[in-house]
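Report on the structure
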Amino acid sequence: MRRQLALLGFAVGSALRRTGRTLSLAAALALVTFAFASVLFFTEALRGEFRQGLAALPDLTVQRLVAGRPSLVEESDAAWIAEMPGVTAVRPRVWGYFFVPALAGNFTVVGVDFERDWEQLGGHLTVGPGRLPEPGRSEEAVMGEALARFLGLDLGNAITVPVGSTFQRLELVGVFRSDVALWSADVILANESDARVLLQIPEGAATDLGIWLSTPDEGVVVARKIADRLPGVRIVDRQLMSRTYDLTFDTRGGMMGMMLLPALVAFLVLAWDRLTGVGAGERREIGVLKAVGWRTGDLLLARLWENTILAVGGAGVGIVAAYIHVFWAGAPGLAEVLLGWSSLYPALRVTPAVDGAQLVALLCLVGAPFVAASLVPAWRAATRDPHSLLRGGS
Amino acid sequence: MKPSEPAVHALGLSKRYGAGHTAKTALQEVTVAIPAGEFWAITGPSGSGKTTLLGLLGGMIAPTQGEVRLAGQTITHLRDHHRALIRRNLVGMVFQEFALVSGMSLAENIFLPWVPEGGAGQNDRRRVAGLLDRFGMTPFAGTQVERLSAGERQRGAIIRALAADPPILLLDEPTASLDTANVGLLMTLLLQLRDEGKTLVATTHDLRLANDPRVNRVRRLVDGVLET
């Protein structure tokens, strides 16, 4: 232990003596780690957001497709589905995307029967400041705080949105926060009647049917029975959706990772170049150490410590910077690529979620080759006799 | 070591650099036996092989042929690990350009040999403090070596070579960068060490050292061959 501490102390001093080399390598290492860690953090955080979001979704969602396009479902189908064994509740849902050309962005409009549905939503949403729209009273809405901020609206302000050849007014009566940040990013909750006007969904129709089951294992049987009775519908299983989201973010994160691979390779080439070019001063120092009785193993251990400090320091800075970039600054430059489908999402603040195993893997991916690469030139110099090192022989 | 055993013994020592037609012989069949407690000077022109001989005697280079014994112990065929221990404990080497690590203080340089052992012990620290005092270097212990004068660096390098209290001290051109006053001071210190029982071998082409009558013996090396 004393030996390791003494060599560690020497390694720290050695890194400080070669400030230029140390800083350039640490900066390059920090940059590469920052890029990879940002993708990792953001992907993991999004996966966490969606997992939380999925927990509040129905076990099954029935959608109708016409010529491959989503169409509306009949509300009346909810009655016989609710009678099926294993089904605990069925809700016709009115929701949709509302595009506003002036903002070049989509809102997600969700129609809510605040008396009937709030108990279910209330577990995930907190309203304040303000209040919920009064049941049955039109032209009132609550918005996610990210959206209200984006639109610059305060309580009592109203927006007027075009619907066909007319306009629909919505007054902001409350702002809601959610434990799922994505839910509050672009969502407007309005009375179901207002949502029908905005989305042009007639009475008796709905966007889809949400089905809750007594146990998710019933899903396959219930889905098959519905499909038999309603040919042409698509039934989305929550578990299937979970896997789809995972796959989507894995694919996007993986693609970003692939795009960053050249940066990693460039860094390793730089590190190799800087480390293999053991300068005259460094060679002389190794010669001095050997002359005063250091063994090859001592020299390699000191170099291992020095580069481990550099790798951990550089990677640590990169990881902290990535954490700040993703969880404090909202991942500018990255959110657009990984989310990609709404101009509102860059304002999203995701909940910090860090996977320790992935971090260790990242450190191994970036740090380990760097430390290993640094040992080769040190070993080449350390195995030579001190006399030739001191006399400057190459 | 038996009392009759030389402290430094080279037997048929040769060193050749390179191979084939570019090979260069630096030292040829050198045999020399230096008794313990003596101060020898090896003289000769530049390129005669003096530094190579010193490197071989100090276990810094492996010979092409021949054998080196220090205090009765053969070091020629030792592995790197054991030769490092010889360099740390049995022989202290002072290089012509001092071989101090820039960016470190004099004290840090002096304590370098103990770093792989986990740092110097109390006795070692006491001995180093004594050496610093004796060589008048205590005020400079915390000074970065590049801020020291040539004479101060020379003394610092000798302190480091003596720090582990080795019985043998090898010095490569110890007076090369010193003025006459410093040469006198250095000679006094080296002779004191000799009188305390240390064996000293110095390579030099400085007549101020080579002609000093207090040096026990002067041998001349020309073109890698030790003149009789």
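This text goes with the structure placed above it.
Presented here is an overview of the structure given in this document. (Residues numbered from 1 in each chain as written. Chains lettered and ligands numbered in written order. Predicted model: local features only at pLDDT ≥ 70, side-chain atom pairs only at ≥ 80, totals over all residues. Heavy atoms only, no water.)

1. Details of the environment of Arg134(B)
Residues and elements named next belong to chain B.
- Here Arg 134 lies in helix H4 (residues 122-134).
- Each C-alpha atom of the pair Arg 134 and Leu 189 lies 8.8 Å from the other, and the pair is 55 residues apart in sequence.
- Sequence-distant contacts of Arg 134, defined by excluding residues within four places in its chain, comprise Leu 189, Gln 192, Leu 193 and Glu 196.
- Side-chain polar atoms of Arg 134 contact the side chain of Glu 196, separated by 2.4 Å. (Helix = DSSP H or I, 4+ residues; strand = E, 2+ residues; numbered from the N terminus. Contact = heavy atoms within 4.5 Å. Polar contact = N/O pair within 3.5 Å; in protein donor to acceptor, adjacent residues only side chain to side chain.)

2. Looking at the packing of helix H5 (residues 150-162) of chain B against helix H6 (residues 180-195) of chain B
Residue and element names in this part refer to chain B.
- Running from N to C, H5 and H6 point in directions that differ by 10°, and their axes come no closer than 12 Å. With respect to their mutual orientation, H5 and H6 come out roughly parallel. Once H5 is placed against H6, the crossing between them reads as right-handed. Taking contact as the criterion, the partners of Gln 154, Arg 155, Ile 158 and Leu 162 in H5 are, on H6, Asn 182, Leu 185, Leu 186, Leu 189, Leu 190 and Leu 193.
- Grouping the constituent residues of the contact of H5 with H6 by class yields 7 nonpolar, 2 polar and 1 charged. (Axes fitted to C-alpha atoms, helices over the stretch in contact; angles between N-to-C directions. Parallel < 35°, antiparallel > 145°, perpendicular 65-115°, else oblique. Left-handed = near helix turned anticlockwise from the far one by under 90°. Nonpolar A, V, L, I, M, F, W, Y, C, P; charged D, E, K, R; others polar.)

3. Quick notes on the pairing of strand E9 (residues 217-222) of chain B
All names here are of chain B.
- Strand direction decides the pairing type here: strand E3 (residues 39-43) and E9, joined by 4 bridges, are parallel. Note that in E9 the partner of Thr 43 across the bridge is Arg 220.
- With 2 bridges joining them, E9 and strand E10 (residues 225-226) adopt antiparallel strand pairing. Bridging from a neighbouring strand, Leu 221 pairs with Leu 226 of E10. (Pairing = 2+ DSSP bridges.)

4. So, the interface of chain B and chain A
- Between chain B and chain A, the residue contacts involve 27 residues of the former and 23 residues of the latter.
- Taking both partners together, chain B and chain A bury about 2,200 Å²; carbon and sulfur atoms supply 60% of that area.
- Contact with chain A buries surface across chain B, with Met60(B), Val115(B) and Pro116(B) losing the most and accounting together for 23% of the total.
- Counting every contact that joins chain B to chain A gives 2 salt bridges.
- With a closest N to O distance of 3.9 Å, Arg88(B) and Asp298(A) form a salt bridge.
- Summed over the shared surface of chain B and chain A, the number is 9 residue pairs in polar contact (both at pLDDT 80 or more).
- Of all elements in the fold, only helix H1 (50-57) and helix H2 (80-89) of chain B reach the threshold of two or more residues within the side of chain B that touches chain A.
- Here the side of chain B that touches chain A takes 5 residues from H2(B), the largest share from any one element.
- The residue inventory of the side of chain B that touches chain A, partitioned by class, reads 14 nonpolar, 8 polar and 5 charged. (Buried area = accessible area lost by both parts, 1.4 Å probe. Salt bridge = Lys/Arg side-chain N within 4 Å of Asp/Glu carboxyl O.)

5. Concerning the sheet that holds strand E4 (residues 65-70) of chain B
Residue and element names in this part refer to chain B.
- Here 4 strands make up an open sheet; going across it, the order is E2-E1-E4-E5 and the pairing antiparallel. On the outer flanks of this sheet lie strand E2 (24-34) and strand E5 (73-74), each paired with one strand and no other.
- Inspection of the sheet shows E4 paired to E5 by 2 bridges, in the antiparallel sense. Bridge pairing in E5 links Leu 70 to Gln 73.

6. Concerning H6(B)
Residues and elements named next belong to chain B.
- Along its 16 residues, H6 runs 22 Å from first to last C-alpha, staying within 8% of the 22 Å computed at 1.5 Å per residue.
- Inspection of H6 places Val 183, Leu 186, Met 187, Leu 189, Leu 190, Leu 191, Leu 193 and Arg 194 among the buried residues, and these make up the whole buried set.
- Packed against the buried residues of H6 are E3, H4, H5, strand E7 (168-172), strand E8 (199-204) and helix H7 (207-210).
- Where H6 terminates, the next one or two residues include Gly 197, which has phi positive at roughly 110°. (Expected span 1.5 Å × (residues − 1). Buried < 20%, exposed > 50% of the residue type's maximum accessible area, 1.4 Å probe, protein only.)

7. What about the nonpolar core?
- Core analysis: the biggest nonpolar cluster contains 49 residues, and Trp294(A), Leu70(B) and Leu112(B) have the highest contact counts within it.
- Of all hydrophobic cores here, the second largest spans 39 residues; its members include Val94(B), Phe135(B), Leu171(B) and Leu178(B). (Core = buried A, V, L, I, M, F, W, Y, C linked by side-chain atoms within 4.5 Å.)

8. Digging into the pattern of salt bridges
Residues and elements named next belong to chain A.
- Across all of its chains, the model carries 25 salt bridges over all chains by this definition.
- Glu 285 is the salt-bridge partner of Arg 18, the closest N and O atoms lying 3.5 Å from each other. Of this pair, Arg 18 sits in the loop between helix H1 (2-17) and helix H2 (19-55) while Glu 285 sits in helix H10 (residues 280-291), and the two are 267 residues apart along the sequence. The exposure classification of Arg 18 matches that of Glu 285, with both residues buried.
- Notably, a salt bridge pairs Arg 169 with Glu 139, separated by 3.8 Å at the nearest N-O pair. One end of the pair, Arg 169, is in strand E9 (residues 166-178); the other, Glu 139, is in the loop between strand E6 (125-130) and strand E7 (140-144), with 30 residues separating them in the sequence.
- Classification of Arg 169 by relative accessible area gives partly exposed; the value is 35%.
- Take Glu 139: its relative accessible area is 33%, and that puts it in the partly exposed class.

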